[in-house]
Amino acid sequence: MNGRCVITVGDLGEFGVVARIAGRLSQGGTVLLGPGDDAAVVRAPDGRVVVTTDLLLEGRHFRLDWSSGYDIGRKAAAQNLSDVVAMGADPTGIVVGLGLPADAAVGWLDDLTDGFRDECDLVGASVAGGDITRSELVVISVTALGDLGGRAPVTRSGARPGDVVAITGRLGYAAAGLALLGAGPAGSSGPIEPSEPSELVGLAELVDAHRRPEPPYARGPQAAVLGATAMLDVSDGLLQDLGHVATASGIALLLDPGAFTVPAVMREAARLTGTDPLEWVLSGGDDHALAATFPAGVRLPEGWTVVGRAAEGTGVQVSGMTPARGGWDHFRE
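Residues numbered from 1 in each chain as written. Predicted model: local features only at pLDDT ≥ 70, side-chain atom pairs only at ≥ 80, totals over all residues. Heavy atoms only, no water.

**Section: a nonpolar patch on the surface**
Line of reasoning, step 1. Taken together, L32, L33 and V41 make up a surface patch of nonpolar side chains, about 240 Å² in accessible area.
Line of reasoning, step 2. Structurally, V41 is set in strand β2 (residues 41–42).
Line of reasoning, step 3. A relative accessible area of 38% places V41 in the partly exposed class. (Patch = residues over 30% accessible without salt bridge, like charges linked within 9 Å, V, L, I, M, F, W, Y side chains within 5 Å. Areas by Shrake-Rupley, 256 points an atom, 1.4 Å probe, with all protein chains shown as cover. Salt bridge = Lys/Arg side-chain N within 4 Å of Asp/Glu carboxyl O. Helix = DSSP H or I, 4+ residues; strand = E, 2+ residues; numbered from the N terminus. Buried < 20%, exposed > 50% of the residue type's maximum accessible area, 1.4 Å probe, protein only.)

As structure tokens, this is what we get:
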């Protein structure tokens with residue numbers, strides 16, 4: 001991240017870095033007191049606060065040679081904001097903890113900060129504060145806050161037999177993008193060569209999906225209003241994440257593989273990497289789609305796709321089979 005004549009965070013010092021970050025941020029109406037004091041003050045109109053946090057480590061959750069500072073900022077904010085909307089809440093703000101090498105370029109830090117800010121802008125949230133320290137690798141901790149607006153939180157434990165299982169947002173895109181990055185010049189399989197030049201545009205979309213997810217933010221609160229009985233953010237793979245719903249609710253979730261759409265560009269990426277694209281859809285993480293269960297009589301609006309149903313039993317089944325629960329496990333990968 002550093003180079004000759006490049007200003008680094010070490011050149012600015014801790015308080016210079018904090019001032020630089022704060023100078024790039026504006027505060028929305030939910031933040032009563034932003035950066036500059038010992039703590040921020042954020043509105044909680046509902047009287048309850050939804051809180052979630054994630055930790056991202058360089059080399060494990062992102063690579064600096066694959067993603068820009070801006071991409072990383074957007075992704076770090078997105079995966080936390082998505083957890084808030086998965087509870088049926090509206091995001092109000094985030095606070096960020098940063099560990100940075102002293103030779104990190106200030107320009108890279110500016111891009112990271114802009115990524116946090118711009119992703120929060122999508123949902124009317126703000127970067128309300130945070131902390132910074134020196135570390136050997138880039139470490140990012142994001143805590144997101146949300147407001148339920150008088151609604152009950154939508155948990156993982158409310159699904160009941162007879163409910164339908166529905167998804168909204170992209171599935172498999174980020175996993176396909178990661179596979180393409182790994183199979184490119186920096187990976188072990190040589191450069192990717194699509195069958196048609198036009199496919200390059202689509203493949204780039206998949207790679208961008210890994211670098212910068214696009215959660216369907218508005219549909220989390222929408223699902224709560226529609227009466228969703230259970231919901232979660234799909235971050236570790238659909239099968240694995242729905243397994244949490246099945247366990248928490250004490251039911252089985254029966255999925256129909258024919259209900260899932262595999263776009264042509266994903267089929268092309270699968271051809272290039274020797275992968276079954278349905279594996280990406282069912283087991284790939286990091287798209288931050290939403291999966292929810294609804295009473296069977298609920299009429300779902302455009303953007304939701306019914307992919308299965310809840311029944312008596314246990315676990316997640318696909319075409320009557322119980323697959324190995326594919327997905328991401330931080331202590332097994």
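**Observations regarding the environment of P101**
Line of reasoning, step 1. Of note, P101 is situated in the loop between β4 (90–100) and α3 (106–121).
Line of reasoning, step 2. The spacing of P101 and T133 is 32 residues in sequence and 8.7 Å in space, taken between C-alpha atoms.

**Focus: the packing of helix α4 (residues 173–182) against helix α8 (residues 264–273)**
Line of reasoning, step 1. Contact geometry of α4 with α8 gives a least axis separation of 10 Å together with a crossing angle of 35°. Two packed elements cross with a definite hand, and for α4 against α8 that hand is left-handed. Residue-level inspection shows Y173, A176, A179 and L180 of α4 in contact with α8, the latter providing M266, A269 and T273.
Line of reasoning, step 2. Among the residues forming the contact of α4 with α8, the class breakdown is 6 nonpolar, 1 polar and no charged. (Axes fitted to C-alpha atoms, helices over the stretch in contact; angles between N-to-C directions. Left-handed = near helix turned anticlockwise from the far one by under 90°. Contact = heavy atoms within 4.5 Å. Nonpolar A, V, L, I, M, F, W, Y, C, P; charged D, E, K, R; others polar.)

**Structural notes on the pairing of β4**
Line of reasoning, step 1. Counting buried positions over the 11 residues of β4 gives 8, a clear majority of the element.
Line of reasoning, step 2. Examined bridge by bridge, β4 and strand β6 (residues 139–147) share 9 bridges and lie antiparallel to one another. Each residue of the ladder has a partner; that of G97, found in β6, is S141.
Line of reasoning, step 3. By the bridge criterion, 8 bridges tie β4 to strand β5 (residues 126–134) in an arrangement that is parallel. Bridge pairing in β5 links L100 to R134.
Line of reasoning, step 4. In terms of handedness, the path from β4 via α3 over to β5 forms a crossover that is right-handed. (Pairing = 2+ DSSP bridges. Right-handed = clockwise from strand over helix to strand, strands pointing away.)

**So, the packing of aromatic side chains**
Line of reasoning, step 1. The full count for this structure, using the stated rule, is 1 aromatic pair.
Line of reasoning, step 2. Ring geometry for F294 and W304: centres 5.2 Å apart, planes at 85°, overall edge-to-face. You can see F294 sitting in strand β10 (residues 289–294) and its partner W304 sitting in the loop between β10 and β11 (305–311), a full 10 residues away along the chain.
Line of reasoning, step 3. Residue F294 is classed as buried on the basis of its relative accessible area of 0%. (Phe/Tyr/Trp six-rings, centres within 6.5 Å; stacked < 30°, edge-to-face > 60°.)

**Observations concerning the sheet that holds strand β3 (residues 50–57)**
Line of reasoning, step 1. A sheet is described by the order of its strands in space; here 4 strands give the open sequence β3-β6-β4-β5, paired in mixed fashion. Single-partner strands in this sheet number two, and they are β3 and β5. With direction set aside, neighbouring strand axes in the sheet form an average angle of 15°.
Line of reasoning, step 2. Pairing between β3 and β6: 8 bridges, direction antiparallel. Looking at the pairing, V50 lines up with G146 of β6.
Line of reasoning, step 3. The sheet contacts of α3 involve β4, β5 and β6, and relative to β4 the element is tilted by about 165°.

It is worth stressing that arrangement in space is one thing and function is another; only the former is reported here.
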